[in-house]
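Residue-level listing of the chains:
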Amino acid sequence: MKHFLSTFAITILMWSIASMTHAQNWSESIDFSATFETEGANNIRHGGEQKLEATYQPEISTSLTDDVSATALLRFRWDSYDTLEPNQPSQGNRSDASQRWFVNNNAEAEIREFYFDAYVGDSYLIAGKQQIVWGQADGLKVLDVANPQSFREFILDDFDNSRIPLWALNIEIPVSDESALQLIWIPDNTYHDIPETGSAYAFASSRLIRQVPINFTATVNEAQKPSNALQNSDVGARFSTFTNGWDVTFNYLYHYHDFPVLYRSVSGANITVTPKYKRTHLFGSGLSNAFGDYIFRSEIGYSTDSYHINQSLNSADGIEKTGDFSYILGLDYTGFKDMLISAQFFQSIMTSDPADVSRDQVENTVTFLANHRSVNETWVAEIQLLHSLNDEDGLIRPKITHEYISNLNMWIGMDIFYGNSNGIYGQFNEVDRAYIGLEWGL
């Protein structure tokens, strides 16, 4: 009921703002837009429908004063097959203020964004539910961790759609003509949406979930989530500058890991798993520059506390804590006519090498992206590859998009997993899919 009231209240608020604006002859300051998207996907390995989804997203923004604006964005989603999140997820990972409202197993509504933005002197402030985007890597994340992510379709959905907006205060303060300081405060204890057992993309890799040995039973407790939003807020800062052709950022975030740490205890032949959310400090930097037809991109991050599953029954709590150093090096090439080629190298290094951890101390992943635009850029053909050098598994994503008219896009594509069934990508090698969809801007 509270989810319905939240959605109903924001709808009434959007209508009230629009009505007030019209009543005061400010109608020229109202901006209403909406998108309707539908997409269907089928399992191409074993057959069967994976989803038939329709999404409607209305957005309204208005200028309340010369310096203050308001924006609200809702998402109404209906999926006829109910295989991605069957029978309505528990939402124990979300704060009350960020929960979705489920009409039934097939339909839901959510406040995607609701914020006020204003200029206060030379500073720019955004207060409300929003996305805070720090990284620029393709398909992988090092610095872009301020917002949690929905894994209902693993990493197949666009980050803009899968990123979970949070209630936050976001201030950007100019330091000079080329530099700015961003400060963020996030009193919203919402974490990753992790698919539950029975979902199409439920995790199976030993890196991500507890494995239950033969002749053992398992009990999984509810996750221990921070309860006081103010005391357990995330806070961060980013300094950005442009110097000698380089875009440079220095980032800091004191936050909770969005994946719960799966602590384990053993009593006889029973294993008890108690998920807990744990804090860490993230220090990082981003760097990019263009050299003719080449664009160089990089992100570096160090997390002081990284938690990894130890599957051995000899481990006291089944968890090993280390520091984690990660970076991405990317190179884009635009020298071919109407074509972009992009490659990335990602490496994650644990600062110690504990025994029986379900990942290597050094992990390497490469990505490749190529797209070609034709017929006045109304047709785009692209292919993306993500490949783990450690597990020799990966994901191949061919896709063709056509802009039929200026506000109507259509696409068709495939998501093909391969490799080690215990790998991050190979765990889904039985759910390869083909899909087709369209988006209509209203």
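Residues numbered from 1 in each chain as written. Predicted model: local features only at pLDDT ≥ 70, side-chain atom pairs only at ≥ 80, totals over all residues. Heavy atoms only, no water.

### Here we look at the overall build of the protein chain
Line of reasoning, step 1. For the protein chain, the count of helices and strands is two helices and 22 strands.
Line of reasoning, step 2. Here the protein chain has a C-alpha radius of gyration of 23 Å; the compact-globule value for 442 residues is 22 Å, and the two agree.
Line of reasoning, step 3. Projected onto the principal axes, the alpha-carbon positions of the protein chain cover approximately 75 × 55 × 50 Å.
Line of reasoning, step 4. Evaluated residue by residue, the protein chain yields a buried proportion of 46% over its 442 residues.
Line of reasoning, step 5. Across the protein chain, the fraction of contacts at a sequence separation of at least 24, relative to all contacts at a separation of at least 6, is 60%.
Line of reasoning, step 6. Only carbon and sulfur atoms are counted for the fraction: they give 56% of the accessible area of the protein chain, which is about 21100 Å².
Line of reasoning, step 7. With 28 positive and 56 negative side-chain charges, the protein chain shows a spacing of 6 Å between the two charge centroids. (Helix = DSSP H or I, 4+ residues; strand = E, 2+ residues; numbered from the N terminus. Rg over C-alpha atoms; globule rule 2.2 N^0.38 Å. Buried < 20%, exposed > 50% of the residue type's maximum accessible area, 1.4 Å probe, protein only. Contact = heavy atoms within 4.5 Å. Areas by Shrake-Rupley, 256 points an atom, 1.4 Å probe, with all protein chains shown as cover. Lys, Arg positive; Asp, Glu negative; His and termini not counted. Charge placed at Lys NZ, Arg CZ, Asp CG, Glu CD.)

### Here's the deal with the nonpolar core
Across soluble globular proteins, nonpolar side chains show a tendency to be buried alongside one another.
Line of reasoning, step 1. Counting residues in hydrophobic clusters, the biggest one holds 28 residues, and the most contacted among them are F154, Y201, F417 and Y425.
Line of reasoning, step 2. Broken down by secondary-structure element, the contributors of at least two residues to this core are β7 (166–176) and β8 (179–186).
Line of reasoning, step 3. One finds I60, L74, I111 and F114 within the second-largest nonpolar core, a separate group that totals five residues. (Core = buried A, V, L, I, M, F, W, Y, C linked by side-chain atoms within 4.5 Å.)

### Comments concerning the pattern of salt bridges
Line of reasoning, step 1. Evaluated as defined, the whole model comprises 27 salt bridges.
Line of reasoning, step 2. Close ionic contact of E153 with K51 constitutes a salt bridge, the shortest N to O distance being 3.1 Å. In this pair, E153 sits in the loop between β6 (123–130) and α2 (159–162) while K51 sits in strand β2 (residues 49–63), placing the two residues 102 residues apart along the sequence.
Line of reasoning, step 3. On the accessibility criterion, E153 (3% relative accessible area) is buried.
Line of reasoning, step 4. We classify K51 as buried; its relative accessible area is 3%. (Salt bridge = Lys/Arg side-chain N within 4 Å of Asp/Glu carboxyl O.)

### A few points about the side chain of Q427
Line of reasoning, step 1. Position of Q427 among the secondary structure elements: in the loop between β21 (408–418) and β22 (433–441).
Line of reasoning, step 2. A relative accessible area of 11% places Q427 in the buried class.

### Quick word on the environment of L340
Line of reasoning, step 1. Inspection of the secondary structure assignment puts L340 in strand β17 (residues 339–350).
Line of reasoning, step 2. Taking the C-alpha atoms as reference points, L340 and D293, separated by 47 residues in sequence, lie 9.9 Å from one another.
Line of reasoning, step 3. Leaving out residues up to four positions away in the same chain, L340 has contacts with D332, Y333, T334, L369, A370 and N371.

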